[in-house]
Amino acid sequence: MKGIIFFVFTFISLCLSAQQALWSGSQIVSPQINKDNTVTFRIFAPEATKVEVTGDFLPTQKLQTPFGEVDAPGTAALTKNADGVWEITSAALAPELYIYNFIVDGLKINDPSNVYQLRDIQSITNVFLIDDNAPADLYAVRDVPHGSVSKVWYPTGDTRRRMTIYTPAGYETGTERYPVFYLLHGMGGDENAWTELGRAAQILDNQIAKGITKPMIVVMTNGNMDMQAAPGDNPDGMRQPTTQLPHTMDGTFEQAFPDVVKFVDDNYRTLADKKHRAIAGLSMGGFHSLHISRENPDMFDYVGLFSAAILPNQEAKSPVYQNFEGKLKTQFSKNPALYYIAIGDRDFLYQANKDYRKLLDDNGFKYTYLETDGGHIWRNWRKYLADFAPRLFRQ
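Here the structure is a predicted model, which is why all the values come from computation and not from measurement.

Sorry, what's going on with the packing of aromatic side chains here?
One pair of aromatic rings is described through two measures. These are the centre distance and the angle between the planes. Evaluated as defined, the whole model comprises 27 aromatic pairs. Arranged with centres 5.0 Å apart and planes meeting at 15°, the rings of F41 and F57 form a pair that is stacked. With F41 in strand β2 (residues 39–44) and F57 in the loop between β3 (51–55) and β4 (61–65), this pair connects stretches of sequence that are 16 residues apart. For F57, a relative accessible area of 12% puts it in the buried group. Put simply, the rings of F181, W194, F306, Y340, W378, W381, Y384 and F388 pair up and form one aromatic cluster. Over the aromatic face of Y171 sits the side chain of R269, whose NZ or CZ is 4.1 Å from the ring centroid. Stacked on the ring of Y139, the Lys or Arg R382 has its end atom at 5.4 Å from the ring centre.

Written out as structure tokens, the structure is:
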């Protein structure tokens, strides 16, 4: 009997220990999205002397970086009540996916009451979504048919690399062939960036369900040639994420990209021709899209440059970057169905894009241009994807 009692006691103890997360959650509500689209932030920090919130819902501040002056999230001070809870309510916010952190006595931390977080290179931020209207209504999970998102390893050279592939609703049970959109991330990002930070799957699901975007396969590669996969999923282990990775913009990725296209065409039901292929990317991914499409003028009929870096640095000796204007003329002589450029009016790459558009104008090369407010931020890149995708594969 004593043995049975001991077993029962031990079993109950283990169950309580395993399920302690059920009872240890914070009772503080933060963020609280109010009916008027103001948002209240709270944190329990009775010993703190100063608490601030920083996020992209606040007016921006200027920050000096190696790339020049950029917009950075602003800060706002919270007020402490008698219970040791600090609180602030924002102004009414437009529909959008927002990021934020707290700063407690100079230390940036995440909101302990908000389990929703995203990693952008080295930064972990909390997120919240106000989705009652455009464009953020596309970023929410709706009750529509959903595509599938897979993490796929493919061979290239003497190694294997990972990419993320979205297949539209019905792909697994059907026989139809689909066009393919190659969607590339920025410097320091990886194959997870567009599905996590960019809400690509939600945007595609919702637009396809509305009938404004064609069903398509979307391929999101890892553009860091020094990494086989995202941090933590890489054979190198859990090394610190960084933007300072070798071989990111030296021509190596561009030269290896046909391996991606071949693998996708060999393993998925694709429409394997130029008029059914698109490529686009943000920042470094825009740089890669520009040069991959220029280097392979018969591969992509649709090209998108989102806040793109443009010309290679002078130290890049890859043949990919040689004869820039000559290859560009060859590409445009083949009449791409869409050449799309989008950038924010405060983006640090704005002038480079303006100069590139002048080069296109001077040569009579046709393109579609979208300029938004703001800087080099995911809020813009989600908008560009939502504007670009409905334009694809219409011819």
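The structure having been displayed, the exposition proceeds.
So what exactly am I meant to see when it comes to the packing of helix α6 (residues 324–333) against helix α7 (residues 350–362) here?
Each pair of packed helices can be described by the angle between their axes along with the distance between the axes. One can describe the packing of α6 onto α7 by two numbers: an axis separation of 12 Å at closest approach and a directional angle of 60°. With respect to each other, α6 and α7 are oriented oblique. Seen along the crossing, α6 lies across α7 with a hand that is right-handed. Residue-level inspection shows F324, E325, L328 and F332 of α6 in contact with α7, the latter providing Y356, L359 and L360. Considered class by class, the residues forming the contact of α6 with α7 number six nonpolar, no polar and one charged.

How do you make sense of the sheet that holds strand β13 (residues 148–156) when you look at a structure like this?
The strand order across the open sheet formed by eight strands is β13-β14-β16-β15-β17-β18-β19-β20, and the pairing between neighbours is mixed. Strand pairing shows two members of the sheet lacking a second neighbour, β13 and β20 (368–372), which therefore form its edges. Neighbour-to-neighbour, the strand axes of this sheet turn through a mean angle of 20°, independent of strand direction. With five bridges connecting them, strand β19 (residues 338–344) and β20 associate as parallel partners. Each residue of the ladder has a partner; that of A342, found in β20, is L370. Seen against the sheet, helix α3 (residues 200–210) touches β13, β14 (159–167), β15 (180–184) and β16 (217–220) and runs at an angle of roughly 35° to β14. Against the sheet, α7 makes contact with β18 (302–306), β19 and β20, and its axis sits at roughly 150° relative to β19, the strand it touches most.

What am I meant to see in the pattern of salt bridges here?
For the structure shown, the criterion picks out 17 salt bridges. Linking K50 and E52 is a salt bridge whose minimum nitrogen-to-oxygen distance equals 4.0 Å. Judged by relative accessible area, K50 falls into the partly exposed class, the value being 48%. As a salt-bridge pair, K262 and D266 come within 2.7 Å of each other at their nearest N and O atoms. Here K262 and its partner D266 are both found in helix α4 (residues 252–267), four residues apart, which amounts to about one turn of the helix. Relative accessible area serves as the criterion here: at 51%, D266 is assigned to the exposed category.

Would you mind going over the environment of N380 with me for this structure?
Along the chain, the position of N380 falls in helix α8 (residues 378–388). When the C-alpha atoms of N380 and F306 are compared, they prove to be 8.6 Å apart, with 74 residues separating the residues in sequence. With near-sequence residues (within four places) excluded, N380 lies in contact with G344, T372, D373, G374 and G375.

I tried to follow the pairing of β16 on my own but got confused; where do I start?
For a regular strand, side-chain orientation follows a simple rule: the groups alternate between the two sheet faces. Alternating residues of β16 divide into I217 and V219 and V218 and M220, and every residue in both groups is buried. Direction of pairing for β14 relative to β16: antiparallel, over a ladder of three bridges. Opposite Y166, over in β16, you have V218 as the bridge partner. Where β15 and β16 come together, three bridges link them in parallel fashion. Directly across from F181, in β16, lies its bridge partner V218.

Criteria and thresholds
- Residues numbered from 1 in each chain as written.
- Predicted model: local features only at pLDDT ≥ 70, side-chain atom pairs only at ≥ 80, totals over all residues.
- Heavy atoms only, no water.
- Phe/Tyr/Trp six-rings, centres within 6.5 Å; stacked < 30°, edge-to-face > 60°.
- Helix = DSSP H or I, 4+ residues; strand = E, 2+ residues; numbered from the N terminus.
- Buried < 20%, exposed > 50% of the residue type's maximum accessible area, 1.4 Å probe, protein only.
- Lys NZ or Arg CZ within 6 Å of the ring centre and 35° of its normal.
- Axes fitted to C-alpha atoms, helices over the stretch in contact; angles between N-to-C directions.
- Parallel < 35°, antiparallel > 145°, perpendicular 65-115°, else oblique.
- Left-handed = near helix turned anticlockwise from the far one by under 90°.
- Contact = heavy atoms within 4.5 Å.
- Nonpolar A, V, L, I, M, F, W, Y, C, P; charged D, E, K, R; others polar.
- Pairing = 2+ DSSP bridges.
- Salt bridge = Lys/Arg side-chain N within 4 Å of Asp/Glu carboxyl O.

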